[in-house]
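# Observations on the model geometry
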Amino acid sequence: MTAISPCPARLLVIEDDAVLCTHLQDFLTSRQHQVTVCRDGRAGLQQALDQPFDLVLLDILLPGMNGLDLLAELRQRSGVPVIVLSALGDEQDRISGLMKGADDYLPKPFSSAELAVRVEAVLRRVTLERRQSQGVAPVGALVLRTEDETAWYREADLGLTTTEFRLLQVFLEHRDQVLSKAFLYQAVLHRGYGRHDRSLDLHVSHLRRKLRDVGMAEQPLRTVWGQGYTLVSEAL
């Protein structure tokens, strides 16, 4: 069975403790996630509804709106995964959080290691569910068909290898984001990045050529020098 590697995700942290907010933002950013922080319950709910986050980390005791009330209202309008982080850690509190619609409940205090495991587990599940539910994933004139790992542009088959298909899929899942080579080696090639290893560069070069060969006027797959690669959605 092929392992599902979580990609860089857009995380919303709704937590009123300034010190913990800073710690969470620094730690999760170091793991290549994009992190937004909000310290008010009502404003956090609005952000969770207005923006396409992959995961919400939610405190219960919040100004403006209680975290469990926030979660109940969020669940009426969004299925975004939520991990509750709370000092209220007894059994009944955990049950209440899960019944309100939380995907996981992590009592405070918790270690960074445990938080990382919980976050990656939820993101891995979400990634797997998305792939299973998206047999055809159109982005502009580009269509990916996951059941046979084929990609088409304006009805022209790109003729991708399995690795090229996976590479394009990862770029599309995180289009307009800069993805580092270290991350792409793990997510696509399932191995660590070596400074003298040119395998990824070759796959990117082949993918670029195939996108050009099917008639894309503007190359969407760009190099960001010193950082990695990005796929520009406006060029698709």
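Residues numbered from 1 in each chain as written. Predicted model: local features only at pLDDT ≥ 70, side-chain atom pairs only at ≥ 80, totals over all residues. Heavy atoms only, no water.

Identification of the protein chain as Response regulator transcription factor from Alloalcanivorax xenomutans is taken from an unreviewed UniProt entry. Word for word, the UniProt comment on the protein chain under Subcellular location (unreviewed entry) is "Cytoplasm". (UniProt positions renumbered as here; feature names shortened; annotations may be inferred.)

### Observations regarding the environment of K100
Within the secondary structure, K100 is located in the loop between α4 (91–99) and β5 (104–107). When its relative accessible area of 35% is taken as the criterion, K100 is described as partly exposed. On a C-alpha basis, the gap between K100 and D69 in space is 8.4 Å, while along the polypeptide they are 31 residues apart. What K100 contacts, discounting residues up to four positions off in sequence, is L68, L71, A72 and R75. (Helix = DSSP H or I, 4+ residues; strand = E, 2+ residues; numbered from the N terminus. Buried < 20%, exposed > 50% of the residue type's maximum accessible area, 1.4 Å probe, protein only. Contact = heavy atoms within 4.5 Å.)

### Thoughts on the pattern of salt bridges
Oppositely charged side chains can pair when the atoms bearing their charge come close. This structure, assessed with the given rule, holds 13 salt bridges. When the shortest N-O distance is used, the salt bridge between D103 and R75 registers 3.3 Å. Placement of D103 in the loop between α4 and β5 and of R75 in helix α3 (residues 67–77) is noted, with a sequence separation of 28 residues between them. Here D103 falls in the partly exposed class, since its relative accessible area comes to 32%. Salt-bridge contacts for D201 lead to K181; the nearest nitrogen and oxygen are separated by 3.1 Å. Taken together, the residues span a long stretch of sequence, with D201 in helix α8 (residues 199–213) and K181 in helix α7 (residues 181–189) at a distance of 20 residues. Taking relative accessible area as the criterion, D201 reaches 13% and is therefore assigned buried. Among the charged side chains, a network of salt bridges with common partners joins E15, D59 and K108. (Salt bridge = Lys/Arg side-chain N within 4 Å of Asp/Glu carboxyl O.)

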